[in-house]
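So you can see what is in the structure, the chains are spelled out below.
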Amino acid sequence: MTSRLLRVSRAATLITLVVMAWQVSLPLALPQFDVASLPLSYLAPAVRLAEITALIAIAAYALAGWPNRAALRSGWRRVFVLSLLGLIVFETLSIAWSMQRGLAAMQVLHVVVWAAFALLIACTEWPASTMTFALLLGLVLHGLVGFVQISLQPLVQITPQNSGISVVFNNAQHLQRVYGLSPHPNLLGGHLAIGVILTVGLIITQRCTKRFLLSVAWLILWITLLLTFSRSAWLAVIGGSIVAGVLLVRGRYLTWSLRKPLVMLSGLGLIVVVIFAVWFQPFLANRLDITATPYETQAITDRLSSAQLALQIFAAHPLTGVGVSQSISAARDLVGTPIDWVHNVPLLIAAELGVGGIVLIGLMLIALGVIGVQRWRTRSISLWQALVGGALIALLVVMQFDHYVWTMSQGGLLWAWLVGWWLRADHTTAS
């Protein structure tokens, strides 16, 4: 029975990785939840497909007795787990001082799922190659859908100011950014940045035909990442790749047999970047030079304004914040009109949870960092740990420019997966 439950948990986890960035969700009609009072309609209660499969994985693993849980009871892993539990308790308490208590309660439930998924991954011994392949499969599907979206551009008439669709501009001409199956190109870009880094692990550990096919899949991810026009994702893949490379060197993995496929991928990636830059030069120039397009200038101005509002909210509620998932409501009360999330996770944490949340999350980050330092000092970094370390840095870069890791299930589960993977005590079974 136990082995059957573990197989169910593993299968559900792999499905979660495949559908992680999908937009598919199930609306929840909760009693006494006043949807009309929400600042923005998309905040209405819902559960994502990836959360449903993650819950199945968590439940099956719990019914199997939660194997290997002792690995989380010592050292800095214990500090991380206790800080994570403290964060959940603090967020639960914040419901009491939240303006939208139903919204806060729903977010707490989301966080519980993400936290349990992280601890699940931390305790399992499922092969890293299997998990990465599941993520790769899902991202390739996004890429193929994205290629169709790009090819249909001439047939689609878009008015960006009215549609809410994210576009890039070339004077009066505009081009829809690639969404794939996700709710937004920035979110898809973050997942692709992680996929580009982790797929390298599959490529360098395979040979011949498998390596060729995986390289083709990697190119699909790379091209799709460029077509999202996500500046945060581009910065993330650069930062994450550098850190992963440094960790690979420290772990003594850059032998000639591994350097050869890395050089090949770097060359292919550079060629694609050059072709992309030439082909989409006007759109790329306007995307990078925000002063050239009023639409981009206004977007950056709005983000800076919302960041200032977050600082005002923190200054007014420095110790406890306004409550989890309440920053939008608090900002609406300040300016008199609904605005989107602050595009910076540290500012969101400060506004919503104050110093209490900052301390607890700071302890979690310190625990993750100390585990990394210990591996660095002993040069015990495995190949996959090096890549996961780079992926975590990539996601930390994303958090400085986007909010979805804190506010959306797709981002929360991605962070949980990588953190849980990093917490694993021994990757020898996963290499």
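Keep in mind that what you see is a predicted model, and the values were worked out from it rather than measured.

Here is what the cut-offs are and how they apply
Throughout, a residue's number is its position along its own chain's written sequence, starting from 1. With pLDDT at 70 or above as the cut-off, local features in this predicted model cover only qualifying residues; side-chain atom pairs require 80 or more to be listed or tallied, and sums for whole chains, interfaces and linings still use all residues. To obtain the side-chain values, all non-hydrogen atoms of the structure were included, while hydrogens and water were left out. Helix numbering and strand numbering both begin at the N terminus, where a helix is a DSSP run of H or I of at least 4 residues and a strand a DSSP run of E of at least 2. For this analysis, residues touch if any pair of their heavy atoms sits within 4.5 Å. Computed by Shrake-Rupley with a 1.4 Å probe, the accessible areas treat only the displayed protein chains as cover when residues are assessed. Positive charges are assigned to Lys and Arg, negative charges to Asp and Glu, while His and the chain termini are left out of the count. Where a charge sits is defined by one atom per residue type, namely NZ (Lys), CZ (Arg), CG (Asp) or CD (Glu). The method works on a 1 Å grid over the protein atoms by themselves. A cavity is a set of points holding a 1.4 Å probe that cannot get out, a pocket is an open set with protein on both sides within 12 Å along at least five of seven lines, and residues with an atom within 4 Å of a point line them. Grid points are joined across faces, edges and corners, and a volume is the space filled by probe spheres set on the points. Residues were grouped as follows: Ala, Val, Leu, Ile, Met, Phe, Trp, Tyr, Cys and Pro as nonpolar; Asp, Glu, Lys and Arg as charged; and all remaining residues, including Gly, as polar. Here's how the labels work: a residue is buried when its accessible area is under 20% of the maximum for its type, exposed when over 50%, partly exposed in between, all with a 1.4 Å probe on protein chains only. Whether two strands pair depends on DSSP finding at least two bridges between them. Two N or O atoms form a polar contact when they lie within 3.5 Å of each other; inside protein one atom must be a possible hydrogen donor and the other a possible acceptor, and for residues adjacent in sequence the pair counts only when both atoms belong to side chains. Buried Ala, Val, Leu, Ile, Met, Phe, Trp, Tyr and Cys residues form a nonpolar core when they are joined through side-chain atoms within 4.5 Å.

**Observations concerning the overall build of the protein**
Point 1. Check the secondary structure of the protein and you find 17 helices and four strands.
Point 2. Over its C-alpha atoms, taken along the principal directions, the protein stretches across nearly 60 × 55 × 40 Å.
Point 3. Expressed as a percentage of contacts within the protein between residues at least 6 apart in sequence, the contacts between residues at least 24 apart total 80%.
Point 4. Surface summary for the protein: the accessible area is close to 18900 Å², and the carbon and sulfur share equals 69%.
Point 5. Charge centroids of the protein, computed over 25 positive and 12 negative side chains, lie 19 Å from each other.

**Some details on empty space enclosed by the protein**
Point 1. The full count for this structure, using the stated rule, is one cavity of 30 Å³ or more.
Point 2. A volume near 40 Å³ is recorded for the largest cavity.
Point 3. Taken together, S306, L309, A310, I313, S327, I328, A331, I339, D340 and V342 make up the lining of the largest cavity.
Point 4. Secondary structure elements with two or more residues in the lining of the largest cavity: α12 (294-316) and α13 (327-335).
Point 5. Considering every element that reaches the lining of the largest cavity, the biggest residue donor is α12, with four residues.

**A look at the layout of surface pockets**
Point 1. What the largest pocket holds in volume is close to 1500 Å³.
Point 2. Residue lining of the largest pocket: 47 residues in total, with Y42, H184, D340, H343 and H403 positioned closest to the centre.
Point 3. For the lining of the largest pocket, the secondary-structure elements that each account for two or more residues are β2 (46-48), α4 (101-123), α7 (185-204), α12 and α16 (404-407).
Point 4. The dominant element in the lining of the largest pocket, judged by the number of residues it contributes, is α12, at ten residues.
Point 5. Across the lining of the largest pocket, the residue classes tally to 22 nonpolar, 16 polar and nine charged.

**Some details on the pairing of strand β3 (residues 167-170)**
Point 1. Because side chains alternate across β3, one face comprises the buried residues V167 and F169, and the other comprises V168 and N170, equally buried.
Point 2. Where β3 lies against strand β4 (residues 173-176), four bridges are found, and the strand directions are antiparallel. Its bridge partner being in β4, V167 is matched across the sheet by Q176.
Point 3. Between β3 and β4, which pair antiparallel in sequence order, lie two residues; one of them, N171, sits at a positive phi of approximately 55 degrees.

**Side note on the side chain of T224**
Point 1. Residue position: T224 is located in helix α8 (residues 208-227).
Point 2. Polar side-chain contacts of T224 include one of 2.6 Å to the backbone oxygen of I220.

**Describing the nonpolar core**
Point 1. In this structure, F80, F117, I194, L198, W417 and W421 are the most contacted members of the largest nonpolar core, which totals 137 residues.
Point 2. Ignoring anything within four residues of it in the chain, the contact list for F117 reads T13, T16, A54, I58, L413, A416 and W417.

**Here we look at unusual backbone geometry**
Point 1. Here C208, not a glycine, exhibits a phi torsion of approximately 55 degrees, which is positive.
Point 2. Along the chain, C208 turns up in helix α8.
Point 3. Judged by relative accessible area, which is 67%, C208 ranks as exposed.
Point 4. In this structure, R252 is a non-glycine residue whose phi angle is positive, near 65 degrees.
Point 5. With respect to the helices and strands, R252 occurs in the loop between α9 (231-250) and α10 (256-279).

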